[in-house]
There are 2 protein chains.
Amino acid sequence: MSDKKTAISPTRSENYSEWYQQVIRAAELAESAPIHGCMIIKPWGYALWENIQSNLDKKIKETNHENIYCPLFIPISYFEKEAQHISGFAKECAVVTHHRLEVNEEGKLIPAAPLEEPLIVRPTSETTMGEAFARWIHSYRDLPLLINQWANIVRWEMRPRLFLRTTEFLWQEGHTAHETEQDALEETLRMLDVYEHFAQDYLAMPVIKGMKTENEKFPGAVSTYCIEAMMQDGKALQAGTSHLLGQNFSKAFNIQFLNAKGEKEHVWTTSWGVSTRLIGGLIMTHSDDDGLIVPPRIAPLHAVILPVTHQHKASEAIHAYCEALANEMRSLTYHGQPIRVKVDTKDKNPGEKAWYWRKKGVPLRIEIGPREYEAKNVFLKQRDQANNQTQNLSKEEFLNSLPSLLDTIQKTLFERAKQFQKEHSKFIRSANEFYDCFKNQQGFAYTYWAGDGALEDQLKKEYGITIRCLPLSESENKGQCIFTGKPNAKVAIFAKAY
Amino acid sequence: MSDKKTAISPTRSENYSEWYQQVIRAAELAESAPIHGCMIIKPWGYALWENIQSNLDKKIKETNHENIYCPLFIPISYFEKEAQHISGFAKECAVVTHHRLEVNEEGKLIPAAPLEEPLIVRPTSETTMGEAFARWIHSYRDLPLLINQWANIVRWEMRPRLFLRTTEFLWQEGHTAHETEQDALEETLRMLDVYEHFAQDYLAMPVIKGMKTENEKFPGAVSTYCIEAMMQDGKALQAGTSHLLGQNFSKAFNIQFLNAKGEKEHVWTTSWGVSTRLIGGLIMTHSDDDGLIVPPRIAPLHAVILPVTHQHKASEAIHAYCEALANEMRSLTYHGQPIRVKVDTKDKNPGEKAWYWRKKGVPLRIEIGPREYEAKNVFLKQRDQANNQTQNLSKEEFLNSLPSLLDTIQKTLFERAKQFQKEHSKFIRSANEFYDCFKNQQGFAYTYWAGDGALEDQLKKEYGITIRCLPLSESENKGQCIFTGKPNAKVAIFAKAY
């Protein structure tokens, strides 16, 4: 395999969308299941999700939320209670109508025992939580109620794509209730900050915090906030959302509390979530034409050690050296966790093994042959660097620098993505410039916007361009709308998006 | 509340089944959802599940299994491939028949867009895994394939009971494929051992390993092994199962491999699982008439500290003392994890708070009033002891003994349950003795059994007695069947069961 230039074919520049599928296949992250739009998440992909989950769960608990588990099924009648919510989700709901199978005359299994009321497979749990909150909340002493849930979600997907759009996906959904609108808004923005930091510090994925337009907000929300990331093709990916639900759900589900004065009031609620979509974002932020690149903080393995023995007479000693090195590495910690390292002793060609782990994106690859063994050295390649770039360190030197080396890789990936985002972002001053901009290249176009939903629809329909958000960092920056000429317009970010 | 004798009403002896419900309510573990047979697992209950999950997951990974995630939905046609499997699960399958909702003329939401092939909501994933394994396995080099999944499961439940029988529950399901029957059998028994140790070492729940009869085995299995526990009413609880599936699923799903000689063979598979049912078992093994008792190794909190200040002038200093004590405790570890402790500063009556935490089963309750504060002492109550049994220790003494104190509680709970099981188990020598035994008391009846499935059915129907297992520890013990008089019969354990 040494004559190949890249492990992934096609390359990003040849066919970005197909490249994405091939990275997933090469890194063995997931595959399409034979069930419409569903995926099987394979061990390497699921290990990424476990690391996302355990680290984010810690942040969610540190901000005083408690985990619960609510039912998968939602009665249709719950769904009917919030009008916007229905119309937003009705088109993509899987519906359970029977609770038994029977064999018919032709020997085929058919649904039997129809339900009195059909059940929806949860596309999100505001309604279930709403019903429970109404039972749990009595007085202001019960507030804030801060709940989170890790669960599977079903939204029937017409154009499925692994990790980005799947009929079933995994996520966390936070649901909270507060005494005042201000408290709810603060919670909404607090969790947006948690998502921002998690995306940037763990996934090394730069994101922009902003507010969605009316057109793009969550069905049933007063306002939706989001983090938006830029993929390597310049398209945007909505990576997480945090919704201020106001009193919409508390009125629909009658969630009331007695305030300190003894008066009944409706609570103010929020909800917020991120999903396995983050893995899609991770792939498209960092990976290259050799396959996946994983930031150390969520890498299933920080390093892999390959004994290169060629049936050498010192073969056993080399293997022992590798195992000892691995154990020394495991005794070190990176961000409070033991270094995760594997010695790959599989009976395969060393070149094949090297490519295998490169495609999987392991941050550090260590090759130990007779020369390294004799010199007590470590021959090292970093996944964030070209494959022919190598380092030869003494074992001691390597072990001493290991945690900071991983940190450097983490930072490099972030800075590289940040730089890419910067280079593909532009502040647009006129409508002509706007359309030109999307003719020639992808990326984020910042501009003043005071248009309406109809104009937004038109841009989406004719050019495939959507407003990703009104960025919070530009909230003080006002100017003349380039489309309508209206003054005092806010800054919006336009982009094509996943 | 100080005049009450027990926190839970009715007591175990008054009405065991209602007591169980009331413990769940008092400890705020879970509640019935308004969806048929489903439950909402509340924070305290879910924290138990998280501790079960994280500890068991470690054992599953230590035995070289990798986690994946397979789809929630299973096409009916998959299910049709294994005849025993269908007939075992057909009666309890939730079926998705539509993938959209529409508003009808009366303004009601109704299912729309019927699916070409209805989907089953997974009652277990042998079929999905079978389809994937057939794609993943090519040669003996791909074996053994050792997979696990944490997921939600749906089996339509006619007589639901929180944690014990719910329409939806959470579980892990292991699925493995092997070259030989012997390898598969070893895996089946290895995971049974993992379950045994987990139940005994973490849940402090003594279990008996055994094999199920033909009547009681998993639909599609060659043989089913189980761990059986005894609840405080003498009834049995099947707490985990491990199935040798032979080549039943590999033939149904055509999972073949090329052996070392280059010949095609069908793999040998296993599957094994435990579920949120373990929480039901935990409750009924240890809890008393004051509520839940949780073994330290899976307790969400090891200890709670209650400042008892009565608006005392030293109130602030007492609170500071409590926080400092909590921090000192957190710097200690118990089985490799920091001690989990909470200072309950809620503005509530101290007696009420004490009962609150006693009902929740926290192993250690520490009360710090002016006297303890001044003497730098710790006033301590153990949940495994009567509420009027107390200890007064110097802070230093307490901190020094804390990990071993928790270990003692863990062991006490196990020994107590083990003793109960012993006292309620009997070796039966005749049919008369057998029927008498179940007239007067509950418990496990060991006896020689060589009956058939019809006799087993009759015992179940007429007396509600089932064979829990043929215990592995008695596999060499043979004698004359007390029902049929046949010689050389194996020992079976009979009991009423959940």
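Computed from a predicted structure; not experimentally measured.

Conventions and cut-offs
- Residues numbered from 1 in each chain as written.
- Chains lettered and ligands numbered in written order.
- Predicted model: local features only at pLDDT ≥ 70, side-chain atom pairs only at ≥ 80, totals over all residues.
- Heavy atoms only, no water.
- Helix = DSSP H or I, 4+ residues; strand = E, 2+ residues; numbered from the N terminus.
- Contact = heavy atoms within 4.5 Å.
- Areas by Shrake-Rupley, 256 points an atom, 1.4 Å probe, with all protein chains shown as cover.
- Pairing = 2+ DSSP bridges.
- Axes fitted to C-alpha atoms, helices over the stretch in contact; angles between N-to-C directions.
- Parallel < 35°, antiparallel > 145°, perpendicular 65-115°, else oblique.
- Left-handed = near helix turned anticlockwise from the far one by under 90°.
- Nonpolar A, V, L, I, M, F, W, Y, C, P; charged D, E, K, R; others polar.
- Buried < 20%, exposed > 50% of the residue type's maximum accessible area, 1.4 Å probe, protein only.
- Lys, Arg positive; Asp, Glu negative; His and termini not counted.
- Salt bridge = Lys/Arg side-chain N within 4 Å of Asp/Glu carboxyl O.
- Polar contact = N/O pair within 3.5 Å; in protein donor to acceptor, adjacent residues only side chain to side chain.
- Phe/Tyr/Trp six-rings, centres within 6.5 Å; stacked < 30°, edge-to-face > 60°.
- Expected span 1.5 Å × (residues − 1).
- Buried area = accessible area lost by both parts, 1.4 Å probe.
- Least-squares fit on C-alpha atoms with pLDDT ≥ 70 in both.
- Bend = angle between axes of the 7 residues up to and from the residue.
- pLDDT = per-residue confidence, 0-100.
- Core = buried A, V, L, I, M, F, W, Y, C linked by side-chain atoms within 4.5 Å.
- Disulfide = S-S within 2.5 Å.

Colleague: An account of the overall build of chain A is requested, with residue identities and associated values reported.
Modeller: Within chain A one finds 14 helices and 26 strands. For chain A, the spread of C-alpha atoms along the principal axes amounts to about 80 × 65 × 60 Å. The long-range fraction of contacts in chain A, counting pairs at least 24 apart against all pairs at least 6 apart in sequence, stands at 69%. Only carbon and sulfur atoms are counted for the fraction: they give 46% of the accessible area of chain A, which is about 20,300 Å².

Colleague: Now, about the sheet that holds strand 6 (residues 109–121) of chain A: what can you tell me, with residues and values included?
Modeller: Spatially, 4(A)-6(A)-5(A)-5(B)-6(B)-4(B) is the arrangement adopted by the six strands of the open sheet, whose pairing is antiparallel. Only two strands of the sheet have a single neighbouring strand rather than two, namely strand 4 (73–75) of chain A together with strand 4 (73–75) of chain B. Going from strand to strand, the sheet's axes swing by 40° on average, the running direction of each strand aside. Of the pairings in the sheet, the one linking strand 5 (residues 95–103) of chain A to strand 6 of chain A comprises seven bridges and is antiparallel in character. Note that in strand 6 of chain A the partner of Leu101 of chain A across the bridge is Pro111 of chain A.

Colleague: Let's hear about the packing of helix 9 (residues 315–330) of chain B against helix 12 (residues 395–423) of chain B: which residues, and what values?
Modeller: Residue and element names in this part refer to chain B. Across the interface, helix 9 lies against helix 12 with an axial gap of 11 Å and an inter-helix angle of 30°. Our classification of the angle between helix 9 and helix 12 gives roughly parallel. Where helix 9 crosses over helix 12, the handedness of that crossing is right-handed. Contacts from Tyr321, Leu325, Glu328 and Met329 of helix 9 reach helix 12 at Lys395, Phe398, Leu399 and Leu402. Residues of the contact of helix 9 with helix 12, tallied by class, amount to six nonpolar, no polar and two charged.

Colleague: Kindly report on the side chain of Glu126 of chain A, identifying the contributing residues and their values.
Modeller: All names here are of chain A. Following the sequence through the fold, Glu126 ends up in helix 5 (residues 126–136). Buried charge without a partner: Glu126 forms no salt bridge, and the closest opposite charge is Arg155, 6.6 Å away. Side-chain polar atoms of Glu126 contact the side chain of Ser271, separated by 2.7 Å. Residues within four places of Glu126 in sequence aside, it is in contact with His85, His175, Phe218, Leu245, Phe249 and Ser271.

Colleague: Please give an account of unusual backbone geometry that cites residues and values.
Modeller: Residue and element names in this part refer to chain A. Here the amide bond leading from Ser9 into Pro10 is cis, since omega sits at 0°, within 30 degrees of zero. By the secondary structure assignment, Pro10 is in the segment before helix 1 (16–26). Of note, the phi angle at Ala204 is positive, near 55°, even though the residue is not glycine. Residue placement: Ala204 occurs in the loop between helix 6 (181–201) and strand 9 (207–211). Judged by its relative accessible area of 0%, Ala204 falls in the buried class.

Colleague: Requested: an account of the environment of Val294 of chain A, with residues and values cited.
Modeller: Turning to its location among the elements, Val294 of chain A is positioned in the loop between helix 8 (277–286) and strand 15 (303–307). The residues touching Val294 of chain A, leaving out its near neighbours within four places in the chain, are Leu48, Ala299, Pro300, Lys360, Gly361, Pro363 and Leu413 of chain A.

Colleague: Would you mind going over the packing of aromatic side chains in detail, with residue names and values included?
Modeller: Taken as a whole and assessed by the stated rule, the structure comprises 44 aromatic pairs over all chains. Taking 6.0 Å as the distance between ring centres and 75° as the angle between the ring planes, the aromatic pair formed by Tyr321 of chain A and Tyr373 of chain A counts as edge-to-face. Here Tyr373 of chain A lies in helix 11 (residues 370–375) and Tyr321 of chain A lies in helix 9 (residues 315–330), a separation of 52 residues in the sequence. Geometrically, the ring pair formed by Trp44 of chain B and Trp357 of chain B is edge-to-face, given 6.0 Å between the ring centres and 65° between the ring planes. Here Trp357 of chain B lies in helix 10 (residues 350–360) and Trp44 of chain B lies in helix 2 (residues 43–62), a separation of 313 residues in the sequence.

Colleague: Account for the pairing of strand 9 of chain A, with residues named and values stated.
Modeller: Residues and elements named next belong to chain A. With five bridges connecting them, strand 9 and strand 10 (residues 223–230) associate as antiparallel partners. Each bridged residue has a counterpart across the sheet, and for Gly210 the counterpart in strand 10 is Cys226. Bridge count between strand 9 and strand 24 (residues 466–471): two bridges; the pairing is antiparallel. Bridged to Met211 within strand 24 is Leu470.

Colleague: Residues and numbers for helix 6 (residues 181–201) of chain B, please.
Modeller: The first and last C-alpha atoms of helix 6 of chain B sit 30 Å apart over 21 residues, in line with the 30 Å expected at 1.5 Å per residue. Every buried residue belonging to helix 6 of chain B is among Ala184, Glu187, Thr188, Met191, Leu192, Val194, Tyr195, Glu196, Phe198, Ala199 and Gln200 of chain B, and all of these are buried.

Colleague: For the environment of Thr124 of chain A, give the residues involved together with the corresponding values.
Modeller: All names here are of chain A. Topologically, Thr124 is positioned in the loop between strand 6 and helix 5. Of the residues examined, Thr124 reaches a relative accessible area of 0% and is grouped as buried. C-alpha separation for the pair Thr124 and Ile74, spaced 50 residues apart in sequence, amounts to 9.5 Å. Apart from the residues within four sequence positions on either side, Thr124 is in contact with Ile74, His85, Phe89, Ile153, Arg155, Trp171, Glu173 and Phe218. At a separation of 2.5 Å, a polar atom in the side chain of Thr124 contacts the side chain of Glu126.

Colleague: Lay out the interface of chain A and chain B in plain terms, naming residues and giving numbers.
Modeller: Across the contact, 60 residues belong to chain A and 61 residues belong to chain B. Between chain A and chain B lies a buried interface of about 5,200 Å² when both sides are counted; carbon and sulfur atoms form 66% of it. In this assembly, chain A and chain B are joined by six salt bridges. Its salt-bridge partner being Glu80 of chain A, residue Lys108 of chain B comes within 3.6 Å of it at the nearest N-O pair.

Colleague: Break down the relation of the copies chain A and chain B for me, citing the residues and quoting the values.
Modeller: Each of the two chain copies can be brought onto the other by rotation about an axis and movement along it. If you rotate chain A by 180° and push it 0.0 Å along the axis, it lands on chain B with an RMSD of 0.0 Å. Those values place the two copies in the arrangement expected of a two-fold rotation axis. Judged by C-alpha distance, Val96 of chain A is the residue of chain A that lies nearest the rotation axis, at 2.1 Å. Mapped onto chain B, 100% of the interface residues of chain A again fall at the interface, so both copies present the same surface.

Colleague: I'd love a proper account of helix 12 of chain B, names of residues and values included.
Modeller: In an α-helix there are 3.6 residues to a turn, and that puts residues three or four apart on one side. All names here are of chain B. Here helix 12 is 29 residues long and its end C-alpha atoms lie 39 Å apart, about the 42 Å a rise of 1.5 Å per residue gives. The axis of helix 12 is deflected most strongly, by about 55°, at Leu402, and proline Pro403 appears within four residues downstream. Residues Lys395, Phe398, Leu399, Leu402, Leu405, Leu406, Ile409, Gln410, Leu413, Phe414, Ala417 and Gln421 constitute the buried set of helix 12.

Colleague: Residue-level account of the side chain of Glu456 of chain A, with values.
Modeller: Residue and element names in this part refer to chain A. Checked against the element boundaries, Glu456 lands in helix 14 (residues 453–463). Notably, Glu456 is buried but unbridged: the nearest opposite-charge side chain belongs to Lys460, and the N-O separation is 7.5 Å. A distance of 2.6 Å separates a polar atom in the side chain of Glu456 from a polar atom in the side chain of Thr213. Discounting chain neighbours no more than four positions away, the residues touching Glu456 are Thr213, Asn215, Glu216, Trp449 and Ile467.

Colleague: Can you break down the confidence of the model for chain A residue by residue, with the values?
Modeller: On average, residues of chain A score 95 in pLDDT, and 99% of them are at 70 or above. In the predicted assembly, ipTM is 0.96 and pTM is 0.97.

Colleague: Give a description of the nonpolar core that names residues and reports values.
Modeller: One finds Phe73 and Val121 of chain A together with Phe73 and Val121 of chain B to be the most contacted residues of the largest nonpolar core, which totals 88 residues. For Phe73 of chain B, the contacting residues outside a window of four places in its chain are Ile35, Cys38, Ala94, Val121, Val154 and Trp156 of chain A together with Val96, Leu119, Ile120 and Val121 of chain B.

Colleague: Explain the state of the cysteines to me, and be specific about the residues and the numbers.
Modeller: Put plainly, a disulfide is one covalent bond tying together the sulfur atoms of two cysteines. Within this structure, the stated rule accounts for zero disulfides over all chains. Distance from the sulfur of Cys70 of chain A, which forms no disulfide, to the nearest cysteine sulfur (Cys38 of chain B) is 10 Å.

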